[in-house]
Amino acid sequence: MRSSAILVVVLLMPLAAAAGGVNEAAEIEGTAIVSVETADVAPASERFDITVTIDEEAASNGTSVGWTTQICVNSGVCYPPEPGSLTASSDGRTWTGSLIPDHNSTYVNWRIELNWDDGGNETVPETGFGWKVWSDCWFDGEAWGGSDRSCQGQDDDDEEELPGFGAVLAVAAVAMAGLMARRD
């Protein structure tokens, strides 16, 4: 019974930690990255562009820039991370790329990889994803949000919403705990 309660808490922690619709940006101070520019919204099925600028020293020593992206969808599932390359400007300081989020995307996560000519590398941030940009129609496990309501399959007057992915997990975990308690 105790392990089931712990499982419920562990499964629901990521949902409680994330604030729906709030974009995130990693700290770049102390890295070779000068700036990371994107749109404030990552609309589903539309091109999402990124521009990364690195400092002169990194550009002059042959540093290349890539990113690893992850798209999460409104059902609560995140696709596996995908590494991608960015294209350099002629001076090697500005790197650009793009992706097209899934038609039902909630948000796009990513991290930046700096690869030096000598084979060394740095990931910003060191672990996880440092950036997150939300779609224009998203579900965060509890509430719908964004400027476009088309992904909800509801009109503006409909107050009723389906329970989120987290609620389904919680109900399943409680049911499982109840069955296990009966067994003992």
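Structure shown above.
Student: Which parts of the structure should I look at to understand the overall build of the protein?
Tutor: Within the protein one finds three helices and eleven strands. Written out in order from the N terminus, the α and β elements of the protein read α-β-β-α-β-β-β-β-β-β-β-β-β-α. By the burial criterion, 34% of the 184 residues in the protein qualify as buried. Across the protein, contacts joining residues at least 24 apart in sequence account for 61% of those joining residues at least 6 apart. As presented, the protein carries roughly 10900 Å² of accessible surface, and 53% of it is formed by carbon and sulfur atoms.

Student: Just to check I follow, could you spell out the state of the cysteines for this structure?
Tutor: Disulfides are covalent bonds that connect the sulfur atoms of two cysteines. Using the criterion set out here, one finds two disulfides in the structure. Disulfide pairing is shown between cysteine 72 and cysteine 78; the S-S distance is 1.9 Å. Disulfide cysteine 72-cysteine 78: torsion about the S-S bond near 105°, hence right-handed. Since its relative accessible area comes to 2%, cysteine 72 is described here as buried. Given the relative accessible area of 32%, cysteine 78 is considered partly exposed. For cysteine 137, the disulfide goes to cysteine 151, at an S-S distance of 1.9 Å.

Student: Looking at this model, I keep getting lost on the pattern of salt bridges. Mind explaining?
Tutor: Oppositely charged side chains can pair when the atoms bearing their charge come close. According to the stated counting rule, one finds two salt bridges in the structure shown. We note a salt bridge from arginine 47 to aspartate 49, for which the minimum N-O separation is 2.7 Å. Looking at aspartate 49, the relative accessible area reads 36%, which means it is partly exposed.

Each value, and the rule that gives it
Residues numbered from 1 in each chain as written. Predicted model: local features only at pLDDT ≥ 70, side-chain atom pairs only at ≥ 80, totals over all residues. Heavy atoms only, no water. Helix = DSSP H or I, 4+ residues; strand = E, 2+ residues; numbered from the N terminus. Buried < 20%, exposed > 50% of the residue type's maximum accessible area, 1.4 Å probe, protein only. Contact = heavy atoms within 4.5 Å. Areas by Shrake-Rupley, 256 points an atom, 1.4 Å probe, with all protein chains shown as cover. Disulfide = S-S within 2.5 Å. Salt bridge = Lys/Arg side-chain N within 4 Å of Asp/Glu carboxyl O.

Fair warning: the whole summary comes from geometry, so function is off the table for now.
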